[in-house]
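Each chain, written out:
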Amino acid sequence: MSLDELANELDTSPTYLSKKFKKELGLPLFEYIIRYRIERSLESLKKCDIPIGEVALKAGFEDQAYYARAFKRIMNTTPSKWRLSHKNSTK
């Protein structure tokens, strides 16, 4: 969903929505969405039988390379390394 589509659904302008979101949560809307998707992917990563590309798709990323870059930026490690260090975790 694009910023324009979301703003339209909320009956507001994209500029207002973007500024309001950043003011209230301290980060841009799409950064929030990326972080949410990364967090959502962690449970799937713990399941070692699911390929990382599939984990990325399930979390809403169309591009596995972009998922890996975003994951590394946010989690300070790669999805593969994170998986290895959390494979026995039952959180």
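For the structure itself, consult the block above.
Residues numbered from 1 in each chain as written. Predicted model: local features only at pLDDT ≥ 70, side-chain atom pairs only at ≥ 80, totals over all residues. Heavy atoms only, no water.

**Concerning the packing of aromatic side chains**
Overall, the coordinates contain five aromatic pairs when judged by the stated rule. Seen in terms of ring centroids, Phe61 and Tyr66 are 5.9 Å apart; in terms of plane orientation they differ by 45°. Their pairing is tilted. Aromatic rings pair up to connect Phe61, Tyr66, Tyr67, Phe71 and Trp82 into one cluster. Taking NZ or CZ as reference, Arg37 lies 5.9 Å from the ring centre of Phe61, over its face. (Phe/Tyr/Trp six-rings, centres within 6.5 Å; stacked < 30°, edge-to-face > 60°. Lys NZ or Arg CZ within 6 Å of the ring centre and 35° of its normal.)

**Remarks on the nonpolar core**
Ile34, Ile38, Leu45, Phe61, Tyr67 and Phe71 are the most contacted members of the largest nonpolar core, which has 15 residues in total. Looking at this core, the elements with two or more residues in it are α3 (29-46), α4 (52-58) and α5 (64-75). (Core = buried A, V, L, I, M, F, W, Y, C linked by side-chain atoms within 4.5 Å. Buried < 20%, exposed > 50% of the residue type's maximum accessible area, 1.4 Å probe, protein only. Helix = DSSP H or I, 4+ residues; strand = E, 2+ residues; numbered from the N terminus.)

**Some words on the side chain of Ser44**
With respect to the helices and strands, the residue Ser44 is situated in helix α3. Excluding residues that lie within four positions of it along the chain, Ser44 makes contacts with Ile50, Val55, Lys58 and Arg83. (Contact = heavy atoms within 4.5 Å.)

**Points about a nonpolar patch on the surface**
Together, Leu25, Tyr32 and Tyr36 make up an exposed nonpolar region whose accessible area comes to about 320 Å². Positionally, Tyr32 belongs in helix α3. (Patch = residues over 30% accessible without salt bridge, like charges linked within 9 Å, V, L, I, M, F, W, Y side chains within 5 Å. Areas by Shrake-Rupley, 256 points an atom, 1.4 Å probe, with all protein chains shown as cover. Salt bridge = Lys/Arg side-chain N within 4 Å of Asp/Glu carboxyl O.)

**Examining the packing of α3 against helix α6 (residues 79-86)**
Taken N-terminus to C-terminus, the directions of α3 and α6 make an angle of 60°; their axes are 9 Å apart at the nearest point. When the axes of α3 and α6 are compared, the pair comes out oblique. Crossing angle aside, the handedness with which α3 passes α6 is right-handed. Contacts from Leu42, Ser44, Leu45 and Lys46 of α3 reach α6 at Pro79, Trp82, Arg83 and His86. Residue classes in the contact of α3 with α6 are distributed as four nonpolar, two polar and two charged. (Axes fitted to C-alpha atoms, helices over the stretch in contact; angles between N-to-C directions. Parallel < 35°, antiparallel > 145°, perpendicular 65-115°, else oblique. Left-handed = near helix turned anticlockwise from the far one by under 90°. Nonpolar A, V, L, I, M, F, W, Y, C, P; charged D, E, K, R; others polar.)

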